[in-house]
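# Descriptive structure summary
Listed below are the residues making up each chain.
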Amino acid sequence: MRVMVLVKATKDSEAGIMPSAELLEAMGKFNEELVNAGIMRAGDGLKPSSHGKRVAFDGPNRTVIDGPFSQTNELVAGYWLWEVKDMAEAVEWVKRCPNPMPGPSEIEIRPFYEMADFGEVMTPEVSERFDRTSEKLAGR
């Protein structure tokens, strides 16, 4: 089961306050454990939303919105992509994670859709197109 593990933003992360050397070391050790266990596939921290943009869609119209964005607790400050046997395993790993922020913080775990989840709407043609894209990404 693939999951996206989302480190939620805080006022400190949105202010661009960098983590301490101790936190970076602790997170590095945790990431190393994840890699050694065959769990971690990717992961990174994100700059504050003041460096970002959003594109709003309304039919054929596109509107670009400059950051920063409000609702800090709804923003993402970092992520991991993990391969786990089930949600319970993902929760256990997150519980072992050092607190990713200097103060209170949250980590959200969301499973990815798999091709089987799309059932009959996944026609052979659409499936083939996704397969070709996956092959291209794997061959980067």
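This text follows the structure it describes.
Read on for an overview of the structure. Remember, it's a predicted structure, so these values are computed and weren't measured experimentally. (Residues numbered from 1 in each chain as written. Predicted model: local features only at pLDDT ≥ 70, side-chain atom pairs only at ≥ 80, totals over all residues. Heavy atoms only, no water.)

## With respect to a nonpolar patch on the surface
A surface patch of nonpolar side chains, about 590 Å² in accessible area, is lined by Tyr113, Met115, Phe118, Val121, Val126 and Phe130. Structurally, the position occupied by Val126 is in helix α4 (residues 124–138). Judged by its relative accessible area of 33%, Val126 falls in the partly exposed class. (Patch = residues over 30% accessible without salt bridge, like charges linked within 9 Å, V, L, I, M, F, W, Y side chains within 5 Å. Areas by Shrake-Rupley, 256 points an atom, 1.4 Å probe, with all protein chains shown as cover. Salt bridge = Lys/Arg side-chain N within 4 Å of Asp/Glu carboxyl O. Helix = DSSP H or I, 4+ residues; strand = E, 2+ residues; numbered from the N terminus. Buried < 20%, exposed > 50% of the residue type's maximum accessible area, 1.4 Å probe, protein only.)

## Notes on the sheet that holds strand β5 (residues 76–83)
Here we have four strands laid out as an open sheet, ordered β2-β5-β1-β6, and antiparallel in their pairing. Strand pairing shows two members of the sheet lacking a second neighbour, β2 (40–45) and β6 (107–111), which therefore form its edges. Recorded for the sheet is a direction-independent mean angle of 15° between the axes of neighbouring strands. Relative to β5, β2 is paired through five bridges, and the arrangement is antiparallel. For Ala42, the partnering residue across the bridge sits in β5 and is Leu81. Along the sheet, helix α2 (residues 21–36) makes contact with β2 and β5, crossing β5 at roughly 25°. Sheet contacts for helix α3 (residues 87–96): β1 (2–8), β5 and β6; angle to β6, the most-contacted strand, approximately 160°. (Pairing = 2+ DSSP bridges. Axes fitted to C-alpha atoms, helices over the stretch in contact; angles between N-to-C directions. Contact = heavy atoms within 4.5 Å.)

## Examining the side chain of Lys8
For Lys8, the location among the structural elements is in strand β1. Separated by 2.9 Å, the side chains of Lys8 and Glu108 make a polar contact. In contact with Lys8, other than residues within four places in its own chain, are Asn73, Glu74, Leu75, Ala77, Met101, Glu106 and Glu108. (Polar contact = N/O pair within 3.5 Å; in protein donor to acceptor, adjacent residues only side chain to side chain.)

## Here's the deal with the nonpolar core
Ranked by size, the top nonpolar core spans 22 residues in total, and within it Val3, Phe30, Leu34, Trp80 and Trp82 carry the most contacts. For this core, the elements supplying multiple residues, two or more each, are β1, α2, β5 and α3. Per-element tally for this core: the top contributor is α2, with four residues. Those residues in contact with Leu34 that sit more than four places away from it in its chain are Ile39, Met40, Trp80, Trp82 and Trp93. (Core = buried A, V, L, I, M, F, W, Y, C linked by side-chain atoms within 4.5 Å.)

## Let's talk about the environment of Phe30
Structurally, Phe30 can be placed in helix α2. C-alpha separation for the pair Phe30 and Val94, spaced 64 residues apart in sequence, amounts to 9.9 Å. Ignoring any residue separated from it by four or fewer positions in sequence, one finds Phe30 in contact with Trp80, Trp82, Trp93, Arg96, Cys97 and Pro98.

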